[in-house]
Amino acid sequence: MKTKLILIAIIFICCMSCKTDKKQNNLPEPEIKESNLIEIITNNMDFQSIDTILSGWNTFEYINKSTQAHFFLLDKYPEGKRLKNTIEEVWPPFDNGMEFIMQGKMDEAMSEFGKLPEWFGQIVFTGGSGLVSPNQTSITTVKLEPGLYIMECYVKMANGKFHTSMGMAKELYVLEKDSGYSPPNADIHLTISSTEGINYDHEFTPGDYIFSVYYKDQIVHENFVGHDVNLVKLANNTNLEKLETWMNWATPTGLMDPLPEGVIFLGGTNDSPAGSTQYFKASLESGNYAFISEVPHTSKKGMLKTFTVSE
Ligand SMILES: [Cu+2]
């Protein structure tokens with residue numbers, strides 16, 4: 001059972017790829033991006049971006065022009081697997097499993113997740129943005145090894161369907177050639193770990209900041225995904241318990257439209273391996289904010305940290 005859960009988790013995180021045919025000549029011609037800023041636009045349930053980038057440090061500007069919240073997560077695929085394999089082998093168990101979760105049939109859901117292919121466990125979740133609310137933009141810097149990645153968003157629509165199945169899954173080729181870029185200089189250093197939660201040492205005043213996020217460790221949480229960091233602007237009356245419950249996709253209304261009330265997601269850094277560091281930019285104004293992970297029981301785990309920005 002445990003193995004099945006882990007498998008599910010992995011699948012979930014990634015959600016999409018390919019066929020065993022390894023013919024490199026089937027790959028699209030590289031479209032090399034020399035600029036350090038890679039634009040990704042979501043108009044509805046899509047990722048509009050270039051298909052091929054250099055390896056090493058890359059900075060992504062993710063512009064959400066849609067009416068729903070999204071993120072992008074970069075899943076490094078095992079050799080020979082592509083989006084087609086995910087559509088055929090990974091999406092059906094996830095879609096069926098989610099339907100069972102919504103019906104309260106957890107045993108049946110687990111049994112569906114147990115049908116995930118063995119290679120799902122070899123996917124490496126390599127970072128990306130945190131959640132981004134409608135009309136918000138996030139800037140995230142990530143270090144990427146060469147290989148084939150699937151860029152995905154597994155937020156759910158109001159009917160429980162994953163955005164991946166609606167078109168938010170895209171192949172991204174990372175070439176051997178290194179971008180030569182260095183990571184930015186961070187103003188605020190965050191660490192996240194399964195035992196200590198999210199930590200930082202800084203007083204916040206209004207302004208523009210670059211945050212670094214160091215993943216001291218990484219584990220598979222109860223909902224089968226790893227921890228990440230999302231920056232959230234809170235209203236005066238935001239119900240934090242509702243936000244905490246919403247952040248767990250494996251609940252019937254978790255990570256699903258509509259967003260909890262009084263919450264604006266401003267990006268962050270997505271699930272990535274132990275020892276990795278990602279960066280994100282954000283502008284803070286006076287008011288209340290939180291850092292929160294997309295896992296269950298964030299307050300108990302130290303992965304829900306509220307803070308106030310004051311003049
Ligand atoms: Cu989405």
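Reading the values: the criteria
- Residues numbered from 1 in each chain as written.
- Predicted model: local features only at pLDDT ≥ 70, side-chain atom pairs only at ≥ 80, totals over all residues.
- Heavy atoms only, no water.
- Helix = DSSP H or I, 4+ residues; strand = E, 2+ residues; numbered from the N terminus.
- Buried < 20%, exposed > 50% of the residue type's maximum accessible area, 1.4 Å probe, protein only.
- Contact = heavy atoms within 4.5 Å.
- Areas by Shrake-Rupley, 256 points an atom, 1.4 Å probe, with all protein chains shown as cover.
- Donors = N, O, S within 2.8 Å, 3.2 Å for Na, K, Ca; no water.
- Tetrahedral: all angles 85-135°; square planar, octahedral: opposite > 155°, others 65-115°.
- Phe/Tyr/Trp six-rings, centres within 6.5 Å; stacked < 30°, edge-to-face > 60°.
- Lys NZ or Arg CZ within 6 Å of the ring centre and 35° of its normal.
- Core = buried A, V, L, I, M, F, W, Y, C linked by side-chain atoms within 4.5 Å.

Student: So what's going on with the overall build of the protein chain? Which residues, and what values?
Tutor: Check the secondary structure of the protein chain and you find 6 helices and 15 strands. Counting every position in the protein chain, which comprises 311 residues, the buried fraction comes to 56%. Across the protein chain, the fraction of contacts at a sequence separation of at least 24, relative to all contacts at a separation of at least 6, is 75%. Accessible surface computed for the protein chain: about 13100 Å², of which carbon and sulfur atoms make up 50%.

Student: I'd like a description of the environment of Gly262, backed by residues and values.
Tutor: Considering the arrangement of structural elements, one finds Gly262 in the loop between helix 5 (240-246) and strand 12 (263-269). We classify Gly262 as partly exposed; its relative accessible area is 27%. Sequence separation between Gly262 and Val232 is 30 residues; the distance between their C-alpha atoms is 9.7 Å. Once you skip the residues sitting within four places of it in the chain, Gly262 turns out to touch Lys233, Leu234, Ala235 and Thr238.

Student: Please give an account of the coordination of the copper ion that cites residues and values.
Tutor: Each protein donor to the copper ion is listed here as His70 (ND1), Cys153 (SG), His163 (ND1) and Met168 (SD); together their distances run 2.0 to 2.8 Å. Geometry at the copper ion is irregular, judged from its 4 donor atoms and the angles of 79 to 135° they form at the metal. The motif formed by the donor residues of the copper ion, counted along the single chain, is H-x82-C-x9-H-x4-M. Note that Cys153 is positioned in the loop between strand 6 (147-152) and strand 7 (169-178) and Met168 in the loop between strand 6 and strand 7, a separation of 15 residues in sequence. In terms of burial, Cys153 and Met168 fall into one category: buried.

Student: Which residues make up the packing of aromatic side chains, and what values go with them?
Tutor: Counting across every chain of the model gives 27 aromatic pairs. Where Tyr62 meets Phe72, the ring centres are 5.7 Å apart and the plane angle is 80°; that geometry is what we call edge-to-face. Of this pair, Tyr62 sits in strand 2 (residues 52-64) while Phe72 sits in the loop between strand 2 and strand 3 (73-76), and the two are 10 residues apart along the sequence. Note on accessibility: Tyr62 and Phe72 belong to one class, buried. Taking NZ or CZ as reference, Lys233 lies 5.2 Å from the ring centre of Tyr289, over its face.

Student: Which residues make up unusual backbone geometry, and what values go with them?
Tutor: A cis amide bond links Asp257 with the next residue in sequence, Pro258, at an omega value of 0°. Residue position: Pro258 is located in the loop between helix 5 and strand 12. We note that Asn135 has phi near 65°; this positive angle belongs to a residue other than glycine. Structurally, Asn135 can be placed in the loop between strand 4 (124-128) and strand 5 (137-144). Phi is positive for Phe224, which is not a glycine, with a value near 75°. Mapped onto the fold, Phe224 is located in the loop between strand 10 (207-215) and strand 11 (229-234). Overall, the relative accessible area of 5% leaves Phe224 in the buried class.

Student: Requested: an account of the nonpolar core, with residues and values cited.
Tutor: Counting residues in each nonpolar core, the largest one holds 79 residues, and the members touching the most others are Phe60, Phe113, Phe211, Leu231, Trp249, Leu284 and Phe291. Excluding residues within four positions of it along the chain, Leu231 makes contact with Ile264, Phe265, Leu266, Gly267, Phe280, Ala282, Leu284, Tyr289, Ala290, Phe291 and Phe307.

No statement about biological role is implied by the geometric values presented.
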